[in-house]
Amino acid sequence: YCGEVMEQADVGQLFHKPLHPYTIGLIKCIPKIESTADKLYSIPGSVPHPTQLPCGCKFSQRCDKALDICSKEKPELIEIDKNHKVRCWLYGEGEKS
């Protein structure tokens, strides 16, 4: 998102257990044959202009799970499980904020 890896995992793990709110949103956008919905899901908001990126997490302004720290400090890409990394304060020190 905005040039940063938000989540990294093998395909099966990523689709079975997405962690980052951006990844979850992308997966929710995938059309399903059995769905009767009139509209596809879309992540609220707009991608920021490259010259006006927010401080902290680049996805924070569109994230429905954003914490106070998200708009202030950029999270590192941290390993959650074997071969599954995520760049999100929900899985790091920010979860206590």
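Residues numbered from 1 in each chain as written. Predicted model: local features only at pLDDT ≥ 70, side-chain atom pairs only at ≥ 80, totals over all residues. Heavy atoms only, no water.

A. Region of the structure containing the overall build of the protein. Secondary structure summary: the protein contains two helices and three strands in total. Going from N to C terminus, the protein has its helices and strands arranged as β-α-α-β-β. Its C-alpha atoms put the protein at 40 × 35 × 25 Å along the principal axes. In the protein, the proportion of contacts linking residues at least 24 apart, taken out of those at least 6 apart, comes to 43%. Accessible surface, the protein: about 6,800 Å² in total, of which carbon and sulfur atoms supply 53%. Taken together, the 13 basic and 13 acidic charged side chains of the protein have centroids lying 3 Å from each other. (Helix = DSSP H or I, 4+ residues; strand = E, 2+ residues; numbered from the N terminus. Contact = heavy atoms within 4.5 Å. Areas by Shrake-Rupley, 256 points an atom, 1.4 Å probe, with all protein chains shown as cover. Lys, Arg positive; Asp, Glu negative; His and termini not counted. Charge placed at Lys NZ, Arg CZ, Asp CG, Glu CD.)

B. How the structure looks around a nonpolar patch on the surface. Together, Val11, Phe15 and Ile30 line one region of the surface with nonpolar side chains, adding up to about 300 Å² of accessible area. Position of valine 11 among the secondary structure elements: in helix 1 (residues 11–16). Judged by relative accessible area, valine 11 falls into the exposed class, the value being 60%. (Patch = residues over 30% accessible without salt bridge, like charges linked within 9 Å, V, L, I, M, F, W, Y side chains within 5 Å. Salt bridge = Lys/Arg side-chain N within 4 Å of Asp/Glu carboxyl O. Buried < 20%, exposed > 50% of the residue type's maximum accessible area, 1.4 Å probe, protein only.)

C. The environment of lysine 72, seen in detail. Of note, lysine 72 is situated in the loop between helix 2 (21–28) and strand 2 (78–81). Sequence-wise, lysine 72 and glycine 56 are 16 residues apart; in three dimensions their C-alpha atoms are separated by 4.6 Å.

D. Structural view of the packing of aromatic side chains. This structure, assessed with the given rule, holds three aromatic pairs. A connected cluster of aromatic rings, assembled from ring pairs, spans Tyr1, Tyr22 and Phe59. Over the aromatic face of tyrosine 41 sits the side chain of lysine 28, whose NZ or CZ is 4.3 Å from the ring centroid. (Phe/Tyr/Trp six-rings, centres within 6.5 Å; stacked < 30°, edge-to-face > 60°. Lys NZ or Arg CZ within 6 Å of the ring centre and 35° of its normal.)

E. Molecular detail of empty space enclosed by the protein. Tallied over the entire structure, the rule returns one cavity of 30 Å³ or more. For the largest cavity, the calculated volume is near 60 Å³. Every residue lining the largest cavity is listed: His20, Pro21, Cys57, Ser60, Cys63, Lys65, Ala66, Cys70, Pro75, Cys88, Trp89 and Leu90. Broken down by class, the residue content of the lining of the largest cavity amounts to nine nonpolar, two polar and one charged. (1 Å grid on protein atoms, 1.4 Å probe; cavity = no way out; pocket = protein on both sides within 12 Å on 5 of 7 lines; lining within 4 Å. Points joined across faces, edges and corners; volume = space filled by probe spheres on them. Nonpolar A, V, L, I, M, F, W, Y, C, P; charged D, E, K, R; others polar.)

F. Representation of unusual backbone geometry in the model. For cysteine 2, which is not a glycine, the phi torsion comes out positive at approximately 55 degrees. With respect to the helices, strands and loops of the structure, cysteine 2 is situated in the segment before strand 1 (7–8). For cysteine 2, a relative accessible area of 28% corresponds to the partly exposed category. Although it is not a glycine, asparagine 83 adopts a positive phi angle of roughly 65 degrees. Tracing the sequence through the fold places asparagine 83 in the loop between strand 2 and strand 3 (84–86).

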